[in-house]
Amino acid sequence: MNFKEAISSHIFTLISKASSELGLETYVIGGFVRDYLLDRHTSKDIDIVTIGDGIALAEEVSRLLPHQPKVQVFKTYGTAMLRTKELEIEFVGARKESYSEGSRNPKVSTGTLEDDQKRRDFTINALALSLNTENYGALLDPFDGISDLKKGILKTPLDPNKTYSDDPLRMMRAIRFATQLGFTIESNSLNAIAENHERLQIITKERIIDELHKIIASDKPSTGFKLLENTKLLPQILPELIALKGVDEVEGQTHKDNFYHTLEVVDNICLTTDDLWLRWAALLHDIGKAPTKKYDKKVGWTFHAHEFVGSKMVYRLFKRLKMPLNNKMKFVQKMVLLSSRPIVLASDVTDSAVRRLIFDAGDDIDSLMLLCEADITTKNAKKFKRYHKNFELVREKIKEVEERDRIRNFQPPISGELIMETFNLKPCREIGMIKEAIKEAILEGKIANDYDESYQFMLTKGKELGFILN
Ligand code: ATP
Ligand code: MG
């Protein structure tokens, strides 16, 4: 098979030229080839393997490029990287790898193209296209990756048990590719992942999370989470989700399985947003349900304050997984905390409740509405329609109230300084009390969200507290 057109672009002919100048044998390999054949034009990184010195080839390629981009050399790995405007090109000399227990960093020695293909994780990632003049564009595929690509199968070139044990990150990659590409993990491989699940312990949190992000960013993350669960990887990463699994029964009363419910919510929200952190919020929105679950003889199953408990759990979870403890985390916390508020509104929409919701959610109100709509997973068609209709009403009400009262990004109309000046006060607790009372009166709809009504209200409050005008 020849894929000349796949690599007819300027950059490949240039690499080819550099390679023959140095008397090397060179190939494009891995993700770029796979994605080209799948017609997925998302690859911005290109992997080049040469039989010989990858760093020397990178330097020669840079010399031939108009702007001579800087070559970044990673001596320990024997690799080099350079960036053009659109691309990131990585060069490596073909190598053989041998692993020892306890580390995913192998001993490396030089090898042939086939040695290098053997160290690749999946047959579909071991495909190589020749950049050599004599067979430019030829596909080199010793493990019949092309068939697996057509059938949609993930299979390791060598023994799966050893492949996953050597570098357990491959377990995460298998599940990530299965989710991203909609592929099936071949059964020997799937069993090997389950068998080696404990080996995940030697992988850094950052790498695990990178793969998890890619699972969450795909069209149907539930595929990945079910695989992570079946292979026993998920309890090591997100035990909070595993704790949501199962249905209890007391006195004939059951509750829904909140694990599978959560996965449905995540799939749902992927239809309406690409925001990775809103997707994370969907994944974590019910984690507080496990520690708060109780059976009450009168009302049945309850999860009292699970939103609050869940939002507190988010911090510990992010910290444990070495995820950034920044405003992204705060956003997830906020979504979890507010996740039931619009639902409560759906059955009783009052202006003041809507104002409070807008006040609390601020600019994240639209994200919150998406989360709550995704949370509707009832299989009863009538209820499904009704709930969505109710949310339509909530959305309309939010629009109407916001246009009138401008509560989003609420700024107190009366400052502390003005209160101090008006009553000739030094800083004291009462100033905060007056400010809070003004805010409450606005949210309750007793006064308008403007200066004049707030000023009058402040005068009344001040007098009530026994203050005298300046
Ligand atoms: P993507 O770029 O979409 O994440 P990719 O397959 O290109 O997918 P990279 O991390 O860019 O992934 O790696 C490039 C190539 O290097 C892969 O296609 C594969 O051949 C090889 N590779 C990457 N990581 C591993 C690994 N842990 N074990 C074996 N081979 C790997
Ligand atoms: Mg890649």
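About the criteria used
- Residues numbered from 1 in each chain as written.
- Chains lettered and ligands numbered in written order.
- Predicted model: local features only at pLDDT ≥ 70, side-chain atom pairs only at ≥ 80, totals over all residues.
- Heavy atoms only, no water.
- Helix = DSSP H or I, 4+ residues; strand = E, 2+ residues; numbered from the N terminus.
- Rg over C-alpha atoms; globule rule 2.2 N^0.38 Å.
- Buried < 20%, exposed > 50% of the residue type's maximum accessible area, 1.4 Å probe, protein only.
- Contact = heavy atoms within 4.5 Å.
- Areas by Shrake-Rupley, 256 points an atom, 1.4 Å probe, with all protein chains shown as cover.
- Lys, Arg positive; Asp, Glu negative; His and termini not counted.
- Charge placed at Lys NZ, Arg CZ, Asp CG, Glu CD.
- Near = heavy atom within 4 Å.
- Polar contact = N/O pair within 3.5 Å; in protein donor to acceptor, adjacent residues only side chain to side chain.
- Domains from an automatic or database assignment.
- Pairing = 2+ DSSP bridges.
- Buried area = accessible area lost by both parts, 1.4 Å probe.
- Salt bridge = Lys/Arg side-chain N within 4 Å of Asp/Glu carboxyl O.
- Nonpolar A, V, L, I, M, F, W, Y, C, P; charged D, E, K, R; others polar.
- Disulfide = S-S within 2.5 Å.
- Axes fitted to C-alpha atoms, helices over the stretch in contact; angles between N-to-C directions.
- Parallel < 35°, antiparallel > 145°, perpendicular 65-115°, else oblique.
- Left-handed = near helix turned anticlockwise from the far one by under 90°.
- Phe/Tyr/Trp six-rings, centres within 6.5 Å; stacked < 30°, edge-to-face > 60°.
- Lys NZ or Arg CZ within 6 Å of the ring centre and 35° of its normal.
- Core = buried A, V, L, I, M, F, W, Y, C linked by side-chain atoms within 4.5 Å.

1. Looking at the overall build of the protein chain
- Each helix and strand counted, the protein chain has 24 helices and 15 strands in total.
- A compact globule built from 470 residues would reach a C-alpha radius of gyration of about 23 Å, whereas the protein chain, at 29 Å, exceeds it by more than 25%.
- By principal-axis analysis of the C-alpha atoms, the protein chain measures approximately 95 × 60 × 40 Å.
- Every one of the 470 residues in the protein chain was classed for burial, and the buried ones make up 50%.
- In the protein chain, of all internal contacts separated by at least 6 residues, the share reaching a separation of at least 24 is 65%.
- Accessible surface for the protein chain amounts to roughly 23600 Å². Of this, 51% is attributable to carbon and sulfur atoms.
- One way to put it: in the protein chain the 69 positive side-chain charges average out to a point 3 Å from where the 70 negative ones average out.

2. Here's the deal with the site of ligand 1
- Taken together, 16 residues lie near ligand 1, and Arg-34, Arg-120, Asn-125, Asp-167 and Arg-170 sit nearest.
- Between ligand 1 and the protein, one listed contact pairs an oxygen atom with a side-chain N or O atom of Arg-120 at 3.2 Å.
- Separating an oxygen atom of ligand 1 from a side-chain N or O atom of Arg-173 is a distance of 3.2 Å.
- Within the residue set of the shell around ligand 1, elements represented by two or more residues are helix H2 (31–37), strand S2 (45–50) and helix H7 (169–181).
- The biggest single contributor to the shell around ligand 1 is H7, with four residues.
- For the shell around ligand 1, the two domains that each supply at least three residues are domain 1 (4–150) and domain 2 (152–237).

3. Concerning the sheet that holds strand S1 (residues 26–29)
- In space, the seven strands of this open sheet follow the order S3-S4-S5-S2-S1-S8-S9, with mixed pairing throughout. The two strands at the open ends of the sheet, each matched to only one other strand, are strand S3 (72–74) and strand S9 (139–140).
- Pairing geometry for S1 and S2, over four bridges, is antiparallel. Residue pairing for S2: Thr-26 is matched across the bridge by Thr-50.

4. Side note on the domain arrangement of the protein chain
- Considered domain by domain, the protein chain is made up of domain 1 (4–150), domain 2 (152–237) and domain 3 (416–464).
- Each partner contributes residues to the interface: domain 1 has 22 residues there, and domain 2 has 24 residues.
- Taken together, the two surfaces of domain 1 and domain 2 that pack against each other cover about 1900 Å², and 56% of this comes from carbon and sulfur.
- The tally of links from domain 1 across to domain 2 stands at two salt bridges.
- One salt bridge connects Arg-173 with Asp-121, and the closest N-O pair in it is separated by 2.5 Å.
- For the interface between domain 1 and domain 2, the tally reads nine residue pairs in polar contact (both at pLDDT 80 or more).
- For the side of domain 1 that touches domain 2, the element with the highest residue contribution is helix H5 (residues 145–151), accounting for three residues.
- Of the residues belonging to the side of domain 1 that touches domain 2, the class tally is six nonpolar, five polar and 11 charged.

5. Examining the state of the cysteines
- Within the structure shown, the criterion is met by zero disulfides.
- In this structure Cys-270 is not part of a disulfide, and its nearest cysteine sulfur, from Cys-372, lies 16 Å away.
- Relative accessible area serves as the criterion here: at 10%, Cys-270 is assigned to the buried category.

6. Considerations on the pattern of salt bridges
- Using the criterion set out here, one finds 36 salt bridges in the structure.
- Among the ionic pairs, Glu-400 bridges to Lys-397, the shortest N-O distance being 3.6 Å. Of this pair, Glu-400 and Lys-397 are both found in helix H21 (residues 381–405), three residues apart, which corresponds to roughly one turn of the helix.
- Overall, Glu-400 belongs to the partly exposed group, its relative accessible area being 40%.

7. A word on unusual backbone geometry
- For Lys-322, which is not glycine, the phi torsion reads 55° and is therefore positive.
- Positive phi, normally seen in glycine, also occurs at Asn-424, with a value near 55°.
- Following the sequence through the fold, Asn-424 ends up in the loop between helix H22 (416–423) and helix H23 (429–444).

8. Quick notes on the packing of helix H16 (residues 306–320) against helix H17 (residues 327–338)
- Following both chains from N to C, one finds H16 and H17 inclined at 160°, their axes separated by 7 Å at the closest point. By the angle between their axes, H16 is roughly antiparallel relative to H17. Viewed along their axes, H16 and H17 form a crossing whose handedness is right-handed. Across the interface between the two elements, Glu-307, Phe-308, Gly-310, Ser-311, Val-314, Tyr-315 and Phe-318 from H16 touch Met-329, Val-332, Gln-333, Val-336 and Leu-337 from H17.
- A class-by-class count of the residues in the contact of H16 with H17 yields eight nonpolar, three polar and one charged.

9. Quick word on the packing of aromatic side chains
- Summed over all chains, the structure comprises nine aromatic pairs.
- Here the aromatic rings of Phe-259 and Tyr-260 are separated by 5.0 Å at their centres, their planes lie at 75°, and the arrangement is edge-to-face.
- Residues Tyr-451 and Tyr-455 carry aromatic rings whose centres are separated by 5.8 Å and whose planes lie at 25° to one another, so their mutual orientation is stacked. Pair noted here: Tyr-451 and Tyr-455 are both in helix H24 (residues 451–464), with a separation of four residues, about one helical turn.
- You can call Tyr-451 partly exposed: its relative accessible area is 41%.
- Sitting above the plane of the Phe-177 ring, Arg-176 keeps its charged end 4.2 Å from the centroid.
- A cation over an aromatic ring shows up here: Lys-289 above the ring of Phe-303, its NZ or CZ 5.1 Å from the ring centre.

10. Description of helix H3 (residues 54–64)
- For H3, the full list of buried residues reads Gly-54, Ile-55, Leu-57, Ala-58, Glu-60, Val-61 and Ser-62.
- On the buried face of H3, the contacting elements are helix H1 (10–21), S1, S2, S3, strand S4 (79–83) and strand S5 (88–93).

11. Quick look at the nonpolar core
- Ranked by internal contacts, the top residues of the largest apolar core, which has 125 residues, are Phe-12, Leu-212, Phe-225, Leu-238 and Trp-280.
- In terms of residues, this core owes the most to one element, H7, which gives eight residues.
- Tyr-27, Ile-29, Val-49 and Ala-128 belong to the second-largest nonpolar core, a separate cluster that totals seven residues.

12. Comments concerning the environment of Val-354
- When you line up the elements, Val-354 lands in helix H19 (residues 351–361).
- Note on Val-354: relative accessible area 0%, which makes it buried.

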